[in-house]
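Remarks on the overall topology
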Amino acid sequence: IPSLIGDQLASSILGTIHLKELDLSFNKLKGVIPSKMTNCSVLQTLNLKENILSGTIPSLIDNLTELQSLNLKSNLLIGSIPGTMGDLMRLRELDLSFNELTGYIPVEMDTLTNLSVLRVPKLAGIFETSYDLCIFLPSLRNNTEYFIQSTPINCTFLGW
């Protein structure tokens, strides 16, 4: 596997129209996540954790309408979590922890009612308490696994 995840690699991998799972974790991949990756509309699992990916999460991530699991843990991603992430209605697991993301969890993510695991980095000024997270994403209150980095957040103490 090359150390760069450029357009050539993305084109060759994603040329497989029926690709449902892509796991390139632990490969020392460098560079940005190519926007061409968002063209694979049948992709259900995308695992790019533990690489050296930089840049932002592509805003066209919402093109991955079948995506159920997205793992971008432990990269060098910057910027904010795109609001278009809220369009991934089938998403069950989202791990963005241990990146350099800033800002807030987009309110659009409140529509992700299938989400059962949410792991986010400690975002500047995001939540003062775990109570804030449980209030901010009301449709996600019944889910069992919330994490800020590796710290679990429990919403059950609110009686939901």
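Figured I'd write up the structure that's included with this text.

Thresholds applied
The residue count restarts for each chain, going from 1 along the sequence in the order it is written. The predicted nature of this model means local features are confined to residues of pLDDT at least 70 and side-chain atom pairs, given and counted, to a pLDDT of 80 or more, with totals for whole chains, interfaces and linings taken over all residues. The basis for every side-chain value is the complete set of heavy atoms in the structure, and neither hydrogens nor water enter the calculation. Note on pairing: DSSP must find at least two bridges between two strands before they are called paired. Each helix corresponds to a stretch of at least 4 residues labelled H or I by DSSP, and each strand to a stretch of at least 2 residues labelled E; elements are numbered beginning at the N terminus. Pairing of N or O atoms within 3.5 Å defines a polar contact, subject to two protein rules: one partner must be a possible hydrogen donor and the other a possible acceptor, and residues neighboring in sequence count only if both atoms are side-chain atoms. Pairs of residues are marked as contacts when any of their non-hydrogen atoms sit within 4.5 Å. Whenever a carboxyl oxygen of Asp or Glu lies within 4 Å of a side-chain nitrogen of Lys or Arg, that contact is scored as a salt bridge. To sort residues, take the accessible area from a 1.4 Å probe on protein chains only and compare it with the maximum for the residue type: under 20% means buried, over 50% means exposed, and anything in between is partly exposed.

Turning our attention to the pairing of strand β6 (residues 76-79). One ladder, built from 2 bridges, connects strand β4 (residues 52-55) with β6; its direction is parallel. Within β6, the residue paired with serine 54 across the bridge is leucine 76. For β6 and strand β8 (residues 100-101), the ladder comprises 2 bridges, and the chain directions are parallel. Bridge pairing in β8 places isoleucine 78 opposite glutamate 100.

Within the element layout of this structure, asparagine 99 appears in the loop between β7 (93-95) and β8. Within the structure, asparagine 99 has its side chain in polar contact with the backbone nitrogen of leucine 76 (distance 3.5 Å). There is a polar contact of 3.3 Å between the side chain of asparagine 99 and the backbone oxygen of serine 97.

The subject of this paragraph is the environment of methionine 85. The residue methionine 85 is located in the loop between β6 and β7 in this model. Not counting residues up to four positions away in its chain, the partners in contact with methionine 85 are Ile57, Ile61, Leu70, Leu94, Leu96, Met109 and Leu112.

Right, let's talk about the pattern of salt bridges for a bit. With the rule as written, the count across this model stands at 1 salt bridge. The partner of glutamate 66 in a salt bridge is arginine 90, and the shortest N-O contact between them spans 3.1 Å. In this pair, glutamate 66 is assigned in the loop between β4 and β5 (69-71) and arginine 90 in the loop between β6 and β7, connecting sequence segments 24 residues apart. Residue glutamate 66 is classed as partly exposed on the basis of its relative accessible area of 26%.

Once that is clear, we can look at the pairing of β4. Burial along β4 is one-sided: Leu53 and Gly55 are buried, while Ile52 and Ser54, pointing the other way, are not. Here 3 bridges tie strand β2 (residues 30-32) to β4, and the two strands are oriented parallel to one another. When the sheet's bridge partners are listed, lysine 30 is paired in β4 with isoleucine 52.

An order of β2-β4-β6-β8 is seen for the 4 strands of this open sheet, with the pairing classed as parallel. Unpaired on one side and paired on the other, β2 and β8 mark the two borders of the sheet.

Although it is not a glycine, lysine 28 sits at a positive phi angle of roughly 55°. Relative to the elements of secondary structure, lysine 28 occurs in the loop between β1 (21-23) and β2. For lysine 28, a relative accessible area of 62% translates into the label exposed. Even without being glycine, serine 74 reaches a positive phi, approximately 55°. Along the chain, serine 74 turns up in the loop between β5 and β6. By relative accessible area, serine 74 is classed as buried at 19%.

With that settled, the discussion passes to the side chain of threonine 38. By secondary structure assignment, the location of threonine 38 is in the loop between β2 and β3 (45-47). Only 2.5 Å separates the side chain of threonine 38 from the backbone oxygen of serine 35, close enough to count as a polar contact. Ignoring any residue separated from it by four or fewer positions in sequence, one finds threonine 38 in contact with Pro58, Leu60, Ile61, Asn63 and Leu64.

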